[in-house]
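Okay, here's what each chain looks like letter by letter:
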Amino acid sequence: MRTRETNWRAAYLLAAVGGPAALGAALGVPFGVRAILTESVLLPGLVLGLTLMMAPALYIGMSLAGAAPPAMQVGASVGRALRASGLVMAGLAPAMAFLLATTLSHAFVYVLGLLAVGGAVAAGLRALWVDLVSGPARRLRAIPVFGLWCVVSLGLGAHLFIHMIGA
Amino acid sequence: MTTLSQTIPESYGSDFLHTIDQLLRDVPGVLQRIRDARDLATLARAMIVTIVAGAGIFGASMGAYRGGLQVLYAGLKLPLALLLTTAVCAPSLTALNAALGRQACIRRDLSLLLASLARTSLVLAAQAPMVLLAVRMGVSYHAIILLVVACCAAGAVVGLSLLLRGLRTSDAGPVLAVALALLTVFGFVGSQMSWTLRPFVLRPRTPEPTFVRSLEGSFFEAVVTSSMSARGVYWRSSAPLPGEEDVR
Amino acid sequence: MRLAELGSLYALVGVGCALVVALRPAHRSHRVLDAVLMMAIWPVYGPFLIARWSEADGSMDSEVAFLATLRRAQGTPLAALLPDERTVRLLATRLRVAAGKVDEIDGLLRRPEFDERDALRRVEELQSKGASDNARSTASIRVQNIRRLRSLRDRFARELDEVGELLKQLETQAEVVRLAGTPDPGARDLVQEILSRVEGLDHMLDDDPYASGFAAWSFATASREPPAPPR
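Residues numbered from 1 in each chain as written. Chains lettered and ligands numbered in written order. Predicted model: local features only at pLDDT ≥ 70, side-chain atom pairs only at ≥ 80, totals over all residues. Heavy atoms only, no water.

A. Examining the overall build of chain B more closely. A tally of regular secondary structure across chain B gives nine helices and zero strands. Mapped from its N terminus to its C terminus, chain B presents α and β elements in the order α-α-α-α-α-α-α-α-α. When burial is assessed residue by residue, chain B has 50% of its 248 residues classed as buried. For chain B, the share of sequence-separated contacts (at least 6 apart) that also reach a separation of at least 24 residues comes to 72%. (Helix = DSSP H or I, 4+ residues; strand = E, 2+ residues; numbered from the N terminus. Buried < 20%, exposed > 50% of the residue type's maximum accessible area, 1.4 Å probe, protein only. Contact = heavy atoms within 4.5 Å.)

Rendered as structure tokens:
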């Protein structure tokens with residue numbers, strides 16, 4: 001019989017954790033094997049930890065603005081956003097490994113790392129926005145809350161990320 | 001009266017010339033074949049051979065500026081630069097498609113990338129005589145570089161148009177975001193790959209051609225150095241020749 | 001880790017992939033080229049070969065298998081039993097469309113919105129919450145749609161597998177007939193069986209409204225979140 005059942009939950013988990021792990025490993029390439037292993041654990045930890053910390057704030061803020069769907073749906077949307085950003089990170093990992101293996105400047109590690117992680121996070125935020133907010137009225141109320149939440153999350157994430165590289 | 005043999009060619013789906021002809025004259029047919037995922041392994045093989053041949057011819061024409069071994073070196077390195085860049089960037093398109101809610105299938109995405117690069121390589125091969133003419137006329141090194149860049153830009157535009165068309169027809173999702181992101185990744189990796197495999201045209205003052213030079217940092221670091229030099233800020237007396245140490 | 005180490009790792013994996021290709025039974029004419037391409041650009045070429053091998057192990061590309069089998073049979077006394085070119089093309093297209101339907105439905109069923117267990121859980125949840133009849137019936141329709149999609153997929157897949165087996169039988173029969181010099185009495189029945197099965201795929205497409213994309217539409221209308229019960 002043809003093809004096979006795919007457990008989509010397992011696929012989502014693999015993308016959400018495996019993607020950052022792959023990109024983390026790539027970011028450790030200029031610093032040696034130990035850094036590869038360390039950062040393949042630190043980056044998923046950073047992404048998931050930050051998400052756990054910031055997701056409730058998003059739900060509360062959107063609810064106060066009258067733009068939030070039910071809590072379970074917010075949770076599912078956050079899961080889908082993690083999957084989207086994880087997929088982009090997994091896709092960028094080989095390119096990053098090559099670029100960082102061929103650069104002599106540590107400054108470029110930070111620049112390229114921020115670009116790659118930033119791009120992946122942007123894909124995740126886009127997926128989150130598309131999933132959470134439907135309808136023009138809801139969208140208007142959601143924009144300031146979501147915007148402020150993004151700025152705080154990205155600022156916090158960038159700060160932690162820069163301290164994480166080469167740790 | 002047509003027979004079954006004419007319906008099914010002797011080497012069904014494995015005719016290289018037919019695939020190349022289709023790539024040049026029947027782009028909708030190629031895109032349809034990719035969408036239908038029909039015998040993609042044969043298509044991929046034909047595309048890769050086209051890239052090797054087309055880019056190899058153009059690379060050889062670049063190496064003709066110096067002549068001798070450089071013709072062979074550049075003829076090998078240009079297709080290698082294209083294919084290794086594709087190898088490194090291969091998962092990016094599928095990952096971007098999946099993340100942005102578009103249809104994502106690694107074989108179809110790779111086939112589209114390879115078809116675009118193959119078309120670019122064919123355009124490069126067609127422009128190789130122009131570079132050879134410039135070399136024969138004794139055009140200066142920097143003018144040759146500019147001509148090569150212009151030829152590559154022309155090839156890139158043709159290849160990019162196929163890529164965009166393929167992205168648009170495969171799915172209604174966000175095409176521009178995917179295309180821009182892919183081009184960014186390809187641009188970064190391709191620049192660094194070319195830098196790693198340099199030289200292609202070879203500076204006149206280089207005593208002996210070598211297959212590759214020492215790394216000397218990345219392409220982006222070289223851009224920063226050049227922009228500083230353009231402002232009159234130098235940190236060394238001259239660029240190192242192959243084999244010379246880069247004193248910082 | 002610098003470029004040299006990364007390059008060595010890449011080359012090592014490439015050599016491994018090339019060895020796998022070289023040792024695996026394949027068409028002689030392409031084995032060397034496949035091995036060279038795998039060694040040089042295994043991230044690019046690998047997915048194509050893996051897909052081709054998994055198709056060869058299980059169900060080949062249906063259209064290609066159908067056409068290739070008929071071409072081989074044409075060189076034997078079975079040629080007189082084969083249909084004309086136009087009919088062959090039409091039948092091959094039907095096979096491709098049917099195989100495409102299976103893949104399309106597989107893709108749909110992999111999405112979280114088509115998860116049957118989730119849908120059943122939703123029905124139970126609505127029943128325990130005392131939701132309205134409308135909400136419960138909408139959720140039940142969702143479950144029924146998912147089951148119909150699955151059963152349609154299984155029907156197509158079964159038919160395609162059986163056609164695949166019949167094609168393999170025709171291949172061996174063609175060789176026997178070629179060596180014997182005269183068509184086997186059972187060969188005519190075999191060819192007719194294959195052709196009628198493939199024609200039958202078309203009727204499956206016509207008879208079942210879900211096959212024409214109705215499934216996606218009906219799911220889209222049935223899967224809208226049921227209205228929250230009044231407080």
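Next comes the rest of the write-up.
B. Region of the structure containing the nonpolar core. Residues Leu43(A) and Phe58(B) are the most contacted members of the largest nonpolar core, which totals 125 residues. Sort the elements by how many residues they give to this core and helix α3 (residues 71-101) of chain A lands first, with 15 residues. With sequence-adjacent residues up to four places away left out, Leu43(A) is seen in contact with Pro20(A), Leu23(A), Gly24(A), Leu27(A), Met89(A), Val117(A), Phe161(A) and Met164(A). Core analysis: the second largest hydrophobic core is formed by 43 residues, Leu78(C), Val102(C), Ile146(C) and Leu160(C) among them. (Core = buried A, V, L, I, M, F, W, Y, C linked by side-chain atoms within 4.5 Å.)

C. Here's a closer look at the pattern of salt bridges. Residues and elements named next belong to chain C. If you walk through the whole model with that rule in mind, you get nine salt bridges over all chains. Residue Lys129 pairs with Glu125 through a salt bridge whose shortest N-O separation is 3.9 Å. Residue Lys129 and its partner Glu125 are located together in helix α5 (residues 116-129), separated by four residues, close to a single helical turn. For Lys129, a relative accessible area of 45% corresponds to the partly exposed category. The class of Glu125 is partly exposed, set by a relative accessible area of 36%. Taken together, the salt bridges that share partners define one network made up of Glu116, Arg147 and Arg150. (Salt bridge = Lys/Arg side-chain N within 4 Å of Asp/Glu carboxyl O.)

D. Structural view of the interface of chain A and chain B. Contact residues are listed per partner, giving 19 residues for chain A and 22 residues for chain B. Carbon and sulfur atoms supply 77% of the area buried between chain A and chain B, which totals about 1,700 Å² over both sides. Sorting the residues of chain A by area buried against chain B places Phe98(A), Thr102(A) and Phe108(A) first, and these three jointly supply 29% of that buried surface. Remark: the boundary between chain A and chain B carries two residue pairs in polar contact (both at pLDDT 80 or more). (Buried area = accessible area lost by both parts, 1.4 Å probe. Polar contact = N/O pair within 3.5 Å; in protein donor to acceptor, adjacent residues only side chain to side chain.)

E. Geometry of the packing of helix α2 (residues 16-25) of chain B against helix α4 (residues 40-63) of chain B. All names here are of chain B. Relative orientation of the contacting elements α2 and α4 amounts to 75°, with a least axis distance of 10 Å. By the criterion of interaxial angle, the relationship of α2 to α4 is roughly perpendicular. Every residue of α4 that contacts α2 at Phe16, Thr19, Ile20 and Leu23 is listed here: Leu43, Arg45, Ala46, Met47, Val49 and Thr50. (Axes fitted to C-alpha atoms, helices over the stretch in contact; angles between N-to-C directions. Parallel < 35°, antiparallel > 145°, perpendicular 65-115°, else oblique.)

F. Summary view of the packing of aromatic side chains. The final tally for this structure, using the stated rule, is six aromatic pairs over all chains. Judged by centre distance (5.9 Å) and plane angle (35°), the rings of Phe146(A) and Trp149(A) are tilted. Of this pair, Phe146(A) and Trp149(A) both sit in helix α5 (residues 136-164), separated by three residues, roughly a single helical turn. Residue classification places Trp149(A) among the buried positions, given a relative accessible area of 13%. Plain terms: the ring middles of Tyr65(B) and Tyr141(B) are 6.0 Å apart, the flat faces sit at 50° to each other, and that makes the pair tilted. With a gap of 76 residues between them, Tyr65(B) in the loop between α4 and α5 (69-99) and Tyr141(B) in helix α7 (residues 141-170) connect regions that are remote in the sequence. Of the aromatic side chains, those joined through ring pairs into one cluster are Trp129(A), Phe146(A) and Trp149(A). Above the plane of the ring of Phe200(B) lies Lys77(B), whose end atom (NZ or CZ) is 5.3 Å from the centre. Over the face of the ring belonging to Phe211(B) we find Lys77(B), whose NZ or CZ atom lies 5.6 Å from the ring centre. (Phe/Tyr/Trp six-rings, centres within 6.5 Å; stacked < 30°, edge-to-face > 60°. Lys NZ or Arg CZ within 6 Å of the ring centre and 35° of its normal.)

G. Here's a closer look at the environment of Gln73(A). Residues and elements named next belong to chain A. By the secondary structure assignment, Gln73 is in helix α3. For Gln73, a relative accessible area of 33% translates into the label partly exposed. A sequence separation of 59 residues divides Gln73 from Leu132, and the C-alpha atoms of the two residues are 7.9 Å apart.

H. Structural context of the packing of α5(B) against helix α8 (residues 175-197) of chain B. Residues and elements named next belong to chain B. Axis separation between α5 and α8 bottoms out at 9 Å; the angle between their running directions is 150°. Taken together, the axes of α5 and α8 are roughly antiparallel relative to one another. α5 and α8 meet at a crossing whose hand is right-handed. Of α8, the residues touching α5 (which contributes Lys77, Leu80, Ala81, Leu84, Thr85, Thr86, Val88, Cys89, Ser92, Leu93, Leu96 and Asn97) are Val178, Ala181, Leu182, Val185, Phe186, Val189, Gly190, Met193 and Leu197. Looking at side-chain class alone, the contact of α5 with α8 contains 15 nonpolar, five polar and one charged residues. (Left-handed = near helix turned anticlockwise from the far one by under 90°. Nonpolar A, V, L, I, M, F, W, Y, C, P; charged D, E, K, R; others polar.)

I. Examining helix α2 (residues 33-64) of chain A more closely. Residues and elements named next belong to chain A. In a regular helix each residue adds 1.5 Å, so 32 residues correspond to 46 Å; α2 covers 47 Å between its end C-alpha atoms and thus fits that length. If you look at α2, its biggest bend is around 30°, right at Met54, and the proline Pro56 turns up within four residues after that. Just downstream of α2, Gly66 is the residue with a positive phi angle, here 75°. (Expected span 1.5 Å × (residues − 1). Bend = angle between axes of the 7 residues up to and from the residue.)

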